[in-house]
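Geometric and topological summary
The primary structure of each chain is shown beneath.
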Amino acid sequence: MPKILLILLLLASFAGNAQVATFDVVMAGHTIGSVKVLPQDDGARLRKRIEAEFSVPFYSGSFVAENQFSEGTLHSSLTEQTVNGKRREQTVTTRLASQHYRFDLSEKADRYRKWEVAAPIAHTITGLYYQEPTQVQAVYSEKFGAMCRIRKLGNGSYSVELPNGKESVYSYEHGHCVRVVTELAGVKLSIVRKQRPL
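None of these values were measured; they are calculated from a predicted model.

Re the overall build of the chain
- Looking only at helices and strands, the chain features one helix and 15 strands.
- Counting every position in the chain, which comprises 198 residues, the buried fraction comes to 38%.
- The contacts of the chain with a sequence gap of at least 6 include a subset with a gap of at least 24, amounting to 28%.
- Put simply, the chain shows about 11,800 Å² of open surface, and 54% of that area lies on carbon and sulfur atoms.

Notes on the pattern of salt bridges
- Applying the stated criterion to the full structure yields eleven salt bridges.
- Lys 194 serves as the salt-bridge partner of Asp 24, at 3.8 Å between the closest nitrogen and oxygen. Here Asp 24, found in strand 1 (residues 21-27), pairs with Lys 194, found in the segment after strand 15 (187-193); they are 170 residues apart in sequence, far enough to count as distant.
- The class for Asp 24 is partly exposed, based on a relative accessible area of 21%.
- Across the salt bridge formed by Glu 80 and Arg 87, the nearest N and O atoms sit 3.5 Å from each other.
- Its relative accessible area of 30% is what places Glu 80 among the partly exposed residues.
- Take Arg 87: its relative accessible area is 41%, and that puts it in the partly exposed class.
- Connected through salt bridges with shared partners, the residues Arg 47, Arg 49, Glu 51 and Glu 66 form a single ionic network.

Regarding unusual backbone geometry
- At Ala 28, a position not held by glycine, the phi torsion is positive, near 50°.
- Looking at Ala 28, the relative accessible area reads 71%, which means it is exposed.
- One non-glycine residue, His 174, adopts positive backbone phi at about 55°.
- Summarising the element assignment, His 174 is placed in the loop between strand 13 (167-173) and strand 14 (176-184).
- The class of His 174 is exposed, set by a relative accessible area of 62%.

Examining the packing of aromatic side chains
- Summed over the entire model, instances satisfying the criterion amount to five aromatic pairs.
- Ring centres of Tyr 129 and Tyr 170 lie 6.0 Å apart, and the angle between their planes is 85°; this geometry places the pair in the edge-to-face category. On the criterion of sequence distance, the pair formed by Tyr 129 in the loop between strand 9 (114-117) and strand 10 (138-141) and Tyr 170 in strand 13 is long-range, its members being 41 residues apart.
- For Tyr 129, a relative accessible area of 9% translates into the label buried.
- Note on Tyr 170: relative accessible area 5%, which makes it buried.
- Each residue in the set Phe 23, Tyr 129 and Tyr 170 is aromatic and connected to the rest through ring pairs, giving one cluster.
- In this structure, Lys 48 is placed above the aromatic ring of Phe 69, and the distance from its NZ or CZ to the ring centre is 5.2 Å.
- A cation over an aromatic ring shows up here: Lys 143 above the ring of Phe 144, its NZ or CZ 5.6 Å from the ring centre.

Parameters at a glance
Residues numbered from 1 in each chain as written. Predicted model: local features only at pLDDT ≥ 70, side-chain atom pairs only at ≥ 80, totals over all residues. Heavy atoms only, no water. Helix = DSSP H or I, 4+ residues; strand = E, 2+ residues; numbered from the N terminus. Buried < 20%, exposed > 50% of the residue type's maximum accessible area, 1.4 Å probe, protein only. Contact = heavy atoms within 4.5 Å. Areas by Shrake-Rupley, 256 points an atom, 1.4 Å probe, with all protein chains shown as cover. Salt bridge = Lys/Arg side-chain N within 4 Å of Asp/Glu carboxyl O. Phe/Tyr/Trp six-rings, centres within 6.5 Å; stacked < 30°, edge-to-face > 60°. Lys NZ or Arg CZ within 6 Å of the ring centre and 35° of its normal.

Here it is as structure tokens:
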């Protein structure tokens with residue numbers, strides 16, 4: 001009987017670690033959406049994925065970002081944003097060789113929609129929802145196809161400078177992301193974890 005109890009406790013602890021982390025998207029004191037941080041898939045390629053939905057009058061949409069890592073470095077990433085039922089933007093990053101990637105902004109038809117990134121990518125913006133960047137100097141923005149500098153603010157908070165000149169602040173408790181302050185369409189919003197880590 002004690003062996004069965006031990007096995008059940010181990011299974012429960014693994015199930016607890018594999019739960020989806022959910023966040024509320026809050027703007028001007030009102031919840032306008034949600035973000036789901038799916039459990040890491042530790043198969044042959046480590047997968048990290050976030051899914052977001054939001055809705056305000058005359059404007060609703062979703063955002064998905066998925067990363068695949070192999071041996072500690074980014075293998076590929078995909079982001080997709082829809083607004084009012086139509087795909088607005090899709091980006092794909094693909095590793096061509098060690099420390100060499102191609103970025104493709106699929107919604108642009110001109111010659112500026114593709115470029116190459118010559119940098120090692122071990123950390124991404126999506127990854128900030130999974131782990132506190134205690135020793136990380138820069139993360140890759142899958143949406144912008146560029147590296148972004150991280151600055152430690154203290155008290156478990158970090159500022160990420162985005163290529164569009166805006167800044168997002170990520171806050172952590174016990175190594176878990178609990179709050180992100182960022183902008184959507186020029187308006188400040190907070191992404192707040194529903195269940196705080198113990």
